[in-house]
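Residue strings, one per chain:
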Amino acid sequence: MDSEPIAQGVHEYLFTFRQAPQTFQPVLITESDGHLDSEALRYAGSGSQPAEDPKAAAEPRSDDDAGGIDIEVNSEERNLRENILAKAPLRLYDCEHDVLKDQQTYLQETGHVIPPYLVVSQVWGEIKHKMILPTVEWPIAISDPTKWDMILGYCKADKRVKWMWMDAICINQSDSPEADKEKAIEIPKMNHYYRGATACLMVPNDYLNFPLAHAELVDLSCNIMDANASVPDNASRIWESIAVLDAVIGDEWFWRVWTYQEFLLPNKHILPDGQELRVDLLRRLLDWYQYHKILRNGSLKKPQGGTDYDFIHPGKEWVISAPRNWQTRNLRFQMKEELEQNGHVNLISLIWQISHKQSMYPVDRLLGLYGLLSDEEKVPISPSEASGRSSSTAALESMWARVIAKAIMSGRVWPLLHDSPEPDAADGRHWIPHITAPTLWDERFPGAALAGLYPETIHHRNQEDMKITSDGLHIAVRFIGCILGTSINIGDGGGEMNKIIACTWFLTANGCNTDPIIQQLKHGLATSDMVPSEEIEGSQEALSAALHANSLDDCFELMEEMNFARKLTYGYEISGWNKRVLCFQIEGHRAPFVVLAWIHCSTPPKMGDCWIVDVTSEPAQTVHRWIVVNKVGPKIFRKIGTVRAWQPIGATINQSSVPIILD
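It should be emphasised that the depicted structure is a prediction, and the values quoted were computed from it without experimental measurement. (Residues numbered from 1 in each chain as written. Predicted model: local features only at pLDDT ≥ 70, side-chain atom pairs only at ≥ 80, totals over all residues. Heavy atoms only, no water.)

### Comments concerning the overall build of the protein
Consideration 1: Within the protein one finds 23 helices and 19 strands.
Consideration 2: Expressed as a percentage of the 663 residues in the protein, the buried residues total 55%. (Helix = DSSP H or I, 4+ residues; strand = E, 2+ residues; numbered from the N terminus. Buried < 20%, exposed > 50% of the residue type's maximum accessible area, 1.4 Å probe, protein only.)

As C-alpha cells, then:
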C-alpha cells in the first residue's frame, strides 16, 4: 500500500476515536483501499492362567493368585507391580505364532517383564473391508488387506519383531458397551504404549509410493540442501522435487488427529521398507524451499520445461499459496522437545496445532490428544465419549467444558489468555476457548490461522475465588484502561502491515504514548527471519526513526527503503489476521497508550464500553498478556480479544481487583 492513498483517500477512516481527551486532539488520516528397561520392570509373583475376560487381564492380581508361591509382597513391591501393569499393554500380538495374547499370558511367557514390542501407526484410508484374524474376537476395519500383509511381513522378515501392538487389533473394536468401557480405560494409556515401544512402524495412506518418495527427499537433502550446493545449478531437480515433497507431506498420516500423538510419542518411526522416517529433514526442506529464501528471494525459478505449479510464486511475498501441506507448523519439533522435557505438552498448544487436522468424529479432537496431556489437564472419559460414533459435537463440547472448568477452578487462567473465540457461543459460554476449529482455520485464506496462541501465558494464575455459573465465569480482575480509539480490522501481509505503521505514526505525531506498540514492532523485527542477527539493532533504530518522522511521507520513504513491511510480516506476534491498533486511557495518565491487539473480526470494540483487563492475581508487572472485553450488561463483560501486556504500565496501574462476570 502506498502512503499517498493512506494520507489522502476518502472511503473510510483508518483509525477512529470515540471521544478525544481535552488535552488530546488527533488528526485523522484516511485510506481509499528405546523400550522400557527389563530389569526395572521385574516383579514377584507368577503362575496365573490366561484370563478369559480381557478386563480381568488388565487388573492387578491379588497375592492369593500368585500360583501357590509363598511370597510376601511388601508395599514397595506392590507399587512396582502396579506400575508395571499400568504401563504394560492390555494385549500384544505374537507375530511369530499369529496369535493375540492378553496381558497375563504374554507376561507369563516373558518372565514377567514387558517385552520389546513394535507399535504400529496406520492410516487405512477409505474403509472397504472387514478383516477377520484368528484369536481376534472383533472384525478389523481396513481399506486393503494387503496393508496388513505388509505389516505382518515387515515383522516376520528375519524374525525382526516378535511382539506388536496396534490399536485396531489390541483394543476391543466391537460395537458393545464392554468395548466402549475398555476404550475409555485404554485411551489415556497411549503415552505409555507409544513411548514404551522400541519403534513405531508408520504405515502411510500411500504406503507403496511413500517410502520411495521419502528416500528421494533424503538424497536431495544430503547432496544439495545440506551440502550447500548451488541452487541455480541444480534448479531442475530442486524444482521437480516440489511435487515429491508435496506428496509426502500431504499424505493423510500427517493430517489426522489421532496420528499426531503417534507422530510425537515414539522414540523413532520406521517405514515399511525399513527406512527411518526423517520428520526433522522434511521440516528443514519446507523451511529451505519456503522460508529459507530459495523461493522467497527468487533464487529458485522455474527451469525451462519445468512442471507448472499453480501454488508456487517465486520472489513474491506469499511464495506458496498451497493449502495445508506447506504449513510448517504441522511438523513443528517444539512439541517433541516439550514432550521430552516435561513428559507432556500443554493442551492449548495442542488444540491450536491440530485445529486443521481431520478426525472421523468430533470428540476425537480431544481423545486423540490424551496421550500427550498431563494428568492435571485430563478429565475422566466416559464410555459414551470413548465410543464417539456420532457426528454431533455434543460429546466433544461436554468433555471440553469439563477440561476448561478443571483448569479454571484450579486457578489456571490460560483458557482466557489465548485467542480462539466461538462467535456463536451461547450466553455465559463466550469465555470458553473454541475447540471445534471451523473459525480457527479459515479456508478463504489458505494457511491463515484466525487464532492466536501465546505459550508464555500457560502458567499465569488467579488465586482469587472463581466460580462458573450459567451466566458465565465469576472472576476478580484488574482494569487496565478504557479503549478510546481503534483502527479498522487489519489482515495479513505487507500491505496490511502498512496500515499498522500508518496508525502508529499518526498516533505518535498526535501525542499518544506509542512505546508499547513500537516495542512490539521492534520485537517483530528481532524475531523475523528476514532480518540477520547482526542487523537487528540497526533495523530497530531505523524503525523508531521512521515512526517519529516529520511526515507520513518521510515515514514511508524510510519504511520502503528498509523493506520493513515485508520484514515485519515474518515477525512473531505481528503477522496474521484479526489485528487492531487500540488507543486506551489509563487513570492518572494524560497521554493515551497505543497497543497492537488481537480482536476477532466478528466482535469489534464498543467505543465507551470496551476495556483492557488483567485476569491474573500475579504482580501486574510480571503479567504477559491482558484481555480486551466489551461491557454487555451490569458487571457482565464479553471477551473479544487479547493484547500483549506492557510491563512499565503494569508497575503504575491500580492493583485492586474488581469482581465481574465474563459471559
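### Observations concerning the state of the cysteines
Consideration 1: Summed over the entire model, instances satisfying the criterion amount to zero disulfides.
Consideration 2: Left without a disulfide partner, Cys155 is nearest to the cysteine sulfur of Cys95, which lies 3.9 Å away. (Disulfide = S-S within 2.5 Å.)

### Section: the pattern of salt bridges
A side chain of one charge can pair with a side chain of the opposite charge when the charged atoms of the two come close.
Consideration 1: Evaluated as defined, the whole model comprises 20 salt bridges.
Consideration 2: Between Lys189 and Glu186 there is a salt bridge, and its shortest N-O distance comes to 3.7 Å.
Consideration 3: Asp427 is the partner of Arg638 in a salt bridge, and the nearest nitrogen-oxygen pair spans 3.4 Å. Here Asp427 lies in the loop between helix H17 (394–409) and strand S12 (467–469) and Arg638 lies in strand S18 (residues 636–644), a separation of 211 residues in the sequence.
Consideration 4: Members of the salt-bridge network, linked through shared partners, are Asp94, Glu96, Lys101, Glu109 and Lys162. (Salt bridge = Lys/Arg side-chain N within 4 Å of Asp/Glu carboxyl O.)

### Section: the packing of aromatic side chains
Consideration 1: Within this structure, the stated rule accounts for 15 aromatic pairs.
Consideration 2: Here a set of aromatic residues connected by ring pairs shows up, and it is made of Phe210, Trp253, Phe254, Tyr260 and Phe263.
Consideration 3: When the ring centre of Tyr154 is taken as reference, the NZ or CZ atom of Arg160 above it lies at 4.1 Å.
Consideration 4: A cation over a ring is seen here: Lys162 above Trp163, with NZ or CZ 5.0 Å from the ring centre. (Phe/Tyr/Trp six-rings, centres within 6.5 Å; stacked < 30°, edge-to-face > 60°. Lys NZ or Arg CZ within 6 Å of the ring centre and 35° of its normal.)

### Overview of the packing of helix H18 (residues 494–509) against helix H20 (residues 536–547)
To characterise two packed helices, one gives the angle between the axes of the helices and the distance between these axes.
Consideration 1: Interaxial distance between H18 and H20 falls to 9 Å at its minimum, and their mutual angle equals 60 degrees. Judged by the angle between their axes, H18 and H20 are oblique. Contact with H18, carried on its side by Ile501, Thr504, Trp505 and Thr508, involves Leu543, Ala546 and Leu547 of H20 and no other residues of that element.
Consideration 2: Across the contact of H18 with H20, the residue classes tally to five nonpolar, two polar and no charged. (Axes fitted to C-alpha atoms, helices over the stretch in contact; angles between N-to-C directions. Parallel < 35°, antiparallel > 145°, perpendicular 65-115°, else oblique. Contact = heavy atoms within 4.5 Å. Nonpolar A, V, L, I, M, F, W, Y, C, P; charged D, E, K, R; others polar.)

### Quick look at the side chain of Thr504
Consideration 1: Within the secondary structure, Thr504 sits in helix H18.
Consideration 2: Judged by relative accessible area, which is 0%, Thr504 ranks as buried.
Consideration 3: In terms of polar contacts, Thr504 uses its side chain to reach the backbone carbonyl oxygen of Ile500, at 2.8 Å.
Consideration 4: Excluding its chain neighbours within four sequence positions, the residues that come into contact with Thr504 are Thr514, Ile517, Ile518, Leu521 and Leu547. (Polar contact = N/O pair within 3.5 Å; in protein donor to acceptor, adjacent residues only side chain to side chain.)

### As for the pairing of strand S17 (residues 625–633)
Consideration 1: The buried count for S17 comes to seven of nine residues, which makes it a mostly enclosed element.
Consideration 2: As defined by bridge partners, strand S16 (residues 610–614) adjoins S17 across four bridges and the pair is classed as antiparallel. Across the sheet, the residue bridging to Val613 is Ile627, located in S17.
Consideration 3: As defined by bridge partners, S17 adjoins S18 across eight bridges and the pair is classed as antiparallel. The residue bridging Asn630 from the neighbouring strand is Arg638, located in S18.
Consideration 4: The hairpin formed by S17 and S18 contains two residues between the paired strands, and Lys635 there has a positive phi angle of roughly 60 degrees. (Pairing = 2+ DSSP bridges.)

### Considerations on helix H10 (residues 235–249)
For an α-helix the count is 3.6 residues per turn, leaving residues at separations of three or four pointing the same way.
Consideration 1: The first and last C-alpha atoms of H10 sit 21 Å apart over 15 residues, in line with the 21 Å expected at 1.5 Å per residue.
Consideration 2: Among all positions of H10, only Ala235, Ile238, Trp239, Ser241, Ile242, Val244, Leu245, Val248 and Ile249 are buried. (Expected span 1.5 Å × (residues − 1).)

### Examining a negative patch on the surface
Consideration 1: Side chains of Asp553, Asp554, Glu557, Glu560 and Glu561 sit close together on the surface and give a patch of like negative charge.
Consideration 2: Relative to the assigned elements, Asp553 resides in helix H21 (residues 552–562).
Consideration 3: For Asp553, a relative accessible area of 44% translates into the label partly exposed. (Patch = residues over 30% accessible without salt bridge, like charges linked within 9 Å, V, L, I, M, F, W, Y side chains within 5 Å. Areas by Shrake-Rupley, 256 points an atom, 1.4 Å probe, with all protein chains shown as cover. Lys, Arg positive; Asp, Glu negative; His and termini not counted. Charge placed at Lys NZ, Arg CZ, Asp CG, Glu CD.)

### Remarks on the pairing of S16
Consideration 1: The element S16 is largely enclosed, with a buried count of four among its five residues.
Consideration 2: Where strand S13 (residues 472–487) lies against S16, four bridges are found, and the strand directions are antiparallel. By the bridge assignment, Cys482 is partnered in S16 with Trp611.

### Here we look at the sheet that holds strand S5 (residues 99–102)
Picture the strands of a sheet paired through backbone hydrogen bonds; they go either parallel or antiparallel.
Consideration 1: Strand order in the open sheet formed by six strands is S5-S4-S9-S6-S10-S11, with mixed pairing between adjacent strands. Two strands lie at the open edges of the sheet, namely S5 and strand S11 (269–270), each paired on one side alone.
Consideration 2: Both strand S6 (residues 117–122) and strand S9 (residues 163–165) contribute to a ladder of three bridges, which runs parallel. The residue of S9 that forms the bridge with Leu118 is Met164.

### Regarding the layout of surface pockets
Consideration 1: Computed from the structure, the second largest pocket encloses a volume of approximately 1,200 Å³.
Consideration 2: When residues of the lining of the second largest pocket are traced back to their parent elements, those giving at least two are S6, strand S8 (140–142), helix H6 (167–170), helix H7 (177–186), helix H8 (190–196), helix H11 (257–264), helix H15 (364–367) and helix H16 (383–387).
Consideration 3: For the lining of the second largest pocket, the leading source of residues is H11, giving four residues.
Consideration 4: Residue composition of the lining of the second largest pocket, grouped by class: 18 nonpolar, 10 polar and 10 charged. (1 Å grid on protein atoms, 1.4 Å probe; cavity = no way out; pocket = protein on both sides within 12 Å on 5 of 7 lines; lining within 4 Å. Points joined across faces, edges and corners; volume = space filled by probe spheres on them.)

### Some points on the environment of His624
Consideration 1: With respect to the helices and strands, the residue His624 is situated in the loop between S16 and S17.
Consideration 2: With 167 residues separating them in the primary sequence, His624 and Thr457 have C-alpha atoms 6.3 Å apart.
Consideration 3: Once residues within four sequence positions are removed from consideration, His624 is found in contact with Glu456, Thr457, His460, Arg644, Ala645 and Gln647.

### Some points on unusual backbone geometry
Consideration 1: Although it is not a glycine, Asn228 sits at a positive phi angle of roughly 55 degrees.
Consideration 2: What makes Asn228 exposed here is its relative accessible area of 69%.
Consideration 3: Its identity is not glycine, yet Lys635 carries a phi of approximately 60 degrees, on the positive side.
Consideration 4: Mapped onto the elements, Lys635 comes out in the loop between S17 and S18.
Consideration 5: Residue class for Lys635 comes out exposed when judged on its relative accessible area of 58%.

### Quick word on the confidence of the model for the protein
Consideration 1: Residues at a pLDDT of 70 or more form 83% of the protein, whose mean pLDDT is 82.
Consideration 2: Below pLDDT 50 for its whole length, residues 1–13 participates in 38 contacts with residues either more than four positions away or in separate chains.
Consideration 3: Predicted confidence is poor over residues 437–449, with pLDDT under 50, and the contacts of this stretch with residues over four places away or in other chains come to 30 contacts. (pLDDT = per-residue confidence, 0-100.)

### A word on the nonpolar core
Consideration 1: The biggest cluster of nonpolar side chains holds 139 residues, and the ones touching the most others in it are Trp148, Ile151, Met164, Trp165, Ile169, Tyr289 and Leu662.
Consideration 2: Broken down by element, this core gets its largest block of residues, eight residues, from H10.
Consideration 3: Dropping the residues within four chain positions of it, Ile169 is found in contact with Tyr93, Leu100, Leu133, Val136, Trp138, Ile140 and Trp148.
Consideration 4: The next biggest cluster of nonpolar side chains, apart from the first, holds 35 residues, and it includes Leu14, Ile488, Val531 and Ala546. (Core = buried A, V, L, I, M, F, W, Y, C linked by side-chain atoms within 4.5 Å.)

### Some details on the environment of Ile649
Consideration 1: Inspection of the secondary structure assignment puts Ile649 in helix H23 (residues 647–650).
Consideration 2: Owing to a relative accessible area of 1%, Ile649 belongs among the buried residues under this scheme.
Consideration 3: Remark: the alpha-carbon pair of Ile649 and Ile480, spanning 169 residues in sequence, is separated by 8.5 Å.

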